[in-house]
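# Structure assessment
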Amino acid sequence: MDDALLEKGRAALAEGSWEKAREILEQSVRVNESAQALEDLSWACWWMNDIPAVFDVRARAYQAFIDQGDKRGASRTASWLGLDCLELSGEFAVANGWFQRAESLLEGDVRCREYAIITNLKANLAFRAEHNPEKALALLEQSHSLAKSLNAMEPQMMAEALKGFILVTEGRVAEGMMLLDEATVMALSESSGDIRSVTTTCCFLIDACNRIRDYERADQWCVRVKEICKRWRHRAVFATCRTQYAAVLLWRGEWKEAEEELLAAIEELKAFRPVSVNAALVRLADLRRRQGRWSDASAILDEIKSHWMKQLICAELAFDRGFYEDALQAAEKFLRQIPSHEKTERITGVELLLRIYLQLGKMEEAVATLAELQEIEEGIATPPLRAARLYAEGMLERARKDYPVARRHLEDAIDIYEQLTSPFEASRARLALADVLSALGQRRQAEAELQLAIETFAKLGADKDVARARSMVRQFQPEAADRDADFTDREADILKLIAQGKNNNEIADKLFLSVRTVEKHLTNIYQKLGVAGKSARAFAAAYATGKKV
């Protein structure tokens, strides 16, 4: 009877019927509290996010395996208990104790799948808790070799995924992404039955993509993993994936959607995985900072007890508020906790530190910081990082008053940001470009850039940046008389329609002209206004509104 119940419970687990599986397996345990039934019951509880039950049932399963002399089963259970201590309660020391116990149980019996699993988990601990990538990589080589010889797909896949992730964090992007690609293909193949390993492997890939700012790729994988999690009702990874996806949405300027994802993830994680909620909270604090809701951002940061990104967002917030010394302290503290070899985690902190140094007039420090950013970008070479490097170089040249070079770098950065659909970063770069153009005596073109930035910031909901850009525009108001231009009647008609938000086709239809003729009139209008480029139309619209042509 108990064997039949056990098989029935396992079948329910295999099809993702967690409640049904738990009910059947609890019945099986009441009939016969076997180690095997307890082990399977612990997984049903894990899928249902009943954390107290997970620890209780796994501990009973571990003891049952010990009592029946099954050292492999006991080692396997000890391994998962250690991982649960890491993921569910953040207890690194306790996790390490369980890992050591799991390894000791296999002494003299290392040619088995369980040993490959524990070696993977020890590598994860070495990387995340001990910050020792060399030790982690050595353990992963050992695990991968063993898993491959045993034809054990899940530990082999996990070893490749974690190794690839570590290599990416160290800036060895091509090598790391190749391993992550291979591991993810294995994870999504039909022969891989361990959904926990599948989603974990995919999350390594998504995290790596976000770190190197390969947001298009991260977007595609986020959607795929969310589909898998919905199908298997993997709520913990689904919530984690929502947090990662929010980073993609923030980059693309889809702030409303990002907020929805983050608020939903926070609600889910607070309910069943509170130790993991800080990652979503820190992203929400960053969103509030960008929106100019500085008090809300500060309140959220106060709520976060510990997260590696907290100091970074504190530094960004202090910088936005103009508290540059406070920003410097927070940025330096953030970078002190990130080892120099973990290059992808240092990127944003290094960018910010450069801007802080420039604000404080610390030119030597700024030059040295730019050198680190250039080195990181050269090794990773994704378009977003190329734009970040160009923006940093433009800011440095602006501080040196080499305005022509600064203009070139900033315009190139903006072009890349726009190609990547990154409106917030592009608009902030426009503010710097407007300052450079003003220094070059091209005040009208500077105002054109500001008008375009204002439009974008307003759409995003970045209220403080809107106010900042408008303040810069007011600096040009004394030159308003210089802007009067002698427009023809037809040009004045076109300006009125531009101010109404009409596109070229709509203007052509309204005035019974060809689109080409409208374009010719626009060229003349822009020349008379002294503006050019993508910002010219925004300036023309603002001019027409202000002048009431």
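Structure first, text after, so check above.
Structure report, in brief. (Residues numbered from 1 in each chain as written. Predicted model: local features only at pLDDT ≥ 70, side-chain atom pairs only at ≥ 80, totals over all residues. Heavy atoms only, no water.)

One pass over the structure, following the stated rule, counts 46 salt bridges. Between Lys-343 and Glu-375 there is a salt bridge whose closest N-O contact spans 3.9 Å. Within this pair, whereas Lys-343 is found in helix H19 (residues 343-359), its partner Glu-375 is found in helix H20 (residues 363-380), the two being separated by 32 residues in sequence. The partner of Arg-346 in a salt bridge is Glu-372, with the nearest N and O atoms 2.7 Å apart. Within this pair, whereas Arg-346 is found in helix H19, its partner Glu-372 is found in helix H20, the two being separated by 26 residues in sequence. Assessed through its relative accessible area of 11%, Arg-346 is described here as buried. Connected through shared salt-bridge partners, Asp-286, Arg-289, Arg-290, Glu-316, Asp-320, Arg-355, Glu-425, Arg-428 and Asp-465 make up one network. (Salt bridge = Lys/Arg side-chain N within 4 Å of Asp/Glu carboxyl O. Helix = DSSP H or I, 4+ residues; strand = E, 2+ residues; numbered from the N terminus. Buried < 20%, exposed > 50% of the residue type's maximum accessible area, 1.4 Å probe, protein only.)

Quick look at the packing of aromatic side chains now. By convention here, two paired aromatic rings are described through the distance between centres and the angle between planes. A complete count under the given rule lists 13 aromatic pairs for this structure. Relative to Trp-46, the ring of Trp-43 has its centre 5.6 Å away and its plane inclined at 70°; by these criteria the two rings are edge-to-face. Residue Trp-43 and its partner Trp-46 are both found in helix H3 (residues 35-47); the two are separated by three residues, about one turn of the helix. Of the two residues, Trp-43 and Trp-46, both sit in the buried class. A cation over a ring is seen here: Arg-58 above Trp-43, with NZ or CZ 4.3 Å from the ring centre. The ring of Phe-319 is capped by Arg-355, whose NZ or CZ atom sits 5.3 Å from the centre of that ring. (Phe/Tyr/Trp six-rings, centres within 6.5 Å; stacked < 30°, edge-to-face > 60°. Lys NZ or Arg CZ within 6 Å of the ring centre and 35° of its normal.)

Before going further, it helps to examine the environment of Gly-501. Of note, Gly-501 is situated in the loop between helix H26 (489-499) and helix H27 (504-511). Owing to a relative accessible area of 58%, Gly-501 belongs among the exposed residues under this scheme.

It is worth spelling out helix H17 (residues 310-320) at this point. For H17, the tally of buried residues reaches ten of eleven residues, placing the bulk of the element in the interior. Tucked into the core, H17 has its buried residues touching helix H15 (277-291), helix H16 (294-303), helix H18 (324-336), H19 and helix H23 (423-439). Just downstream of H17 lies Gly-322, where phi reads positive at about 85°. (Contact = heavy atoms within 4.5 Å.)

In this fold, Arg-407 is placed in helix H22 (residues 403-419). Judged by relative accessible area, Arg-407 falls into the partly exposed class, the value being 23%. Along the backbone, Arg-407 and Ala-538 are 131 residues apart, and their C-alpha atoms lie at a distance of 19 Å. Once you skip the residues sitting within four places of it in the chain, Arg-407 turns out to touch Leu-433, Val-436, Leu-437, Leu-440 and Gln-442.

Below, the discussion takes up the side chain of Asn-278. Within the secondary structure, Asn-278 sits in helix H15. In contact with Asn-278, not counting residues within four places along its chain, are Ile-304, Lys-305, Ser-306 and His-307.

The next point concerns the packing of H17 against H18. Interhelical geometry of H17 versus H18 gives an angle of 160° and a closest axis separation of 8 Å. As judged from the angle between their axes, H17 and H18 are roughly antiparallel. Handedness of the H17/H18 crossing: left-handed. Packed against H17, whose contacting residues are Gln-311, Leu-312, Cys-314, Ala-315, Ala-318 and Phe-319, the element H18 presents Tyr-324, Asp-326, Ala-327, Ala-330, Ala-331, Lys-333 and Phe-334 at the interface. Here the residues of the contact of H17 with H18 are counted per class, giving ten nonpolar, one polar and two charged. (Axes fitted to C-alpha atoms, helices over the stretch in contact; angles between N-to-C directions. Parallel < 35°, antiparallel > 145°, perpendicular 65-115°, else oblique. Left-handed = near helix turned anticlockwise from the far one by under 90°. Nonpolar A, V, L, I, M, F, W, Y, C, P; charged D, E, K, R; others polar.)

Moving on: the packing of helix H24 (residues 443-460) against helix H25 (residues 463-474). Across the interface, H24 lies against H25 with an axial gap of 9 Å and an inter-helix angle of 160°. It follows that H24 is roughly antiparallel to H25 by the angle criterion. Crossing geometry of H24 relative to H25 is assigned as left-handed. Counting all contacts with H24, which are made through Glu-447, Leu-450, Gln-451, Ile-454, Phe-457 and Ala-458, the residues of H25 involved are Asp-465, Val-466, Ala-469, Arg-470, Met-472 and Val-473.

For the rest of this paragraph, the subject is the nonpolar core. If you look at the biggest cluster of nonpolar residues, it comprises 176 residues, and the most contacted ones within it are Met-177, Leu-180, Tyr-391 and Tyr-417. Ranked by residues supplied to this core, first place goes to helix H13 (residues 235-252) with ten residues. If we skip the residues at most four places from it in the chain, Leu-180 touches Ala-161, Gly-164, Phe-165, Val-168, Phe-204, Leu-205 and Ala-208. Among the nonpolar cores identified, the runner-up in size contains 21 residues, and Ile-507, Ile-525, Ala-536 and Phe-539 belong to it. (Core = buried A, V, L, I, M, F, W, Y, C linked by side-chain atoms within 4.5 Å.)

Working note: non-glycine residues mostly have negative phi, and peptide bonds are mostly trans. One non-glycine residue, His-131, adopts positive backbone phi at about 55°. Mapping His-131 onto the fold places it in the loop between helix H7 (113-128) and helix H8 (133-150). Take His-131: its relative accessible area is 42%, and that puts it in the partly exposed class. A positive phi angle is found at Thr-421, which is not glycine, with a value near 55°. Position of Thr-421 among the secondary structure elements: in the loop between H22 and H23. The partly exposed category is assigned to Thr-421, whose relative accessible area is 47%.

Nothing here speaks to function; it is all geometry.
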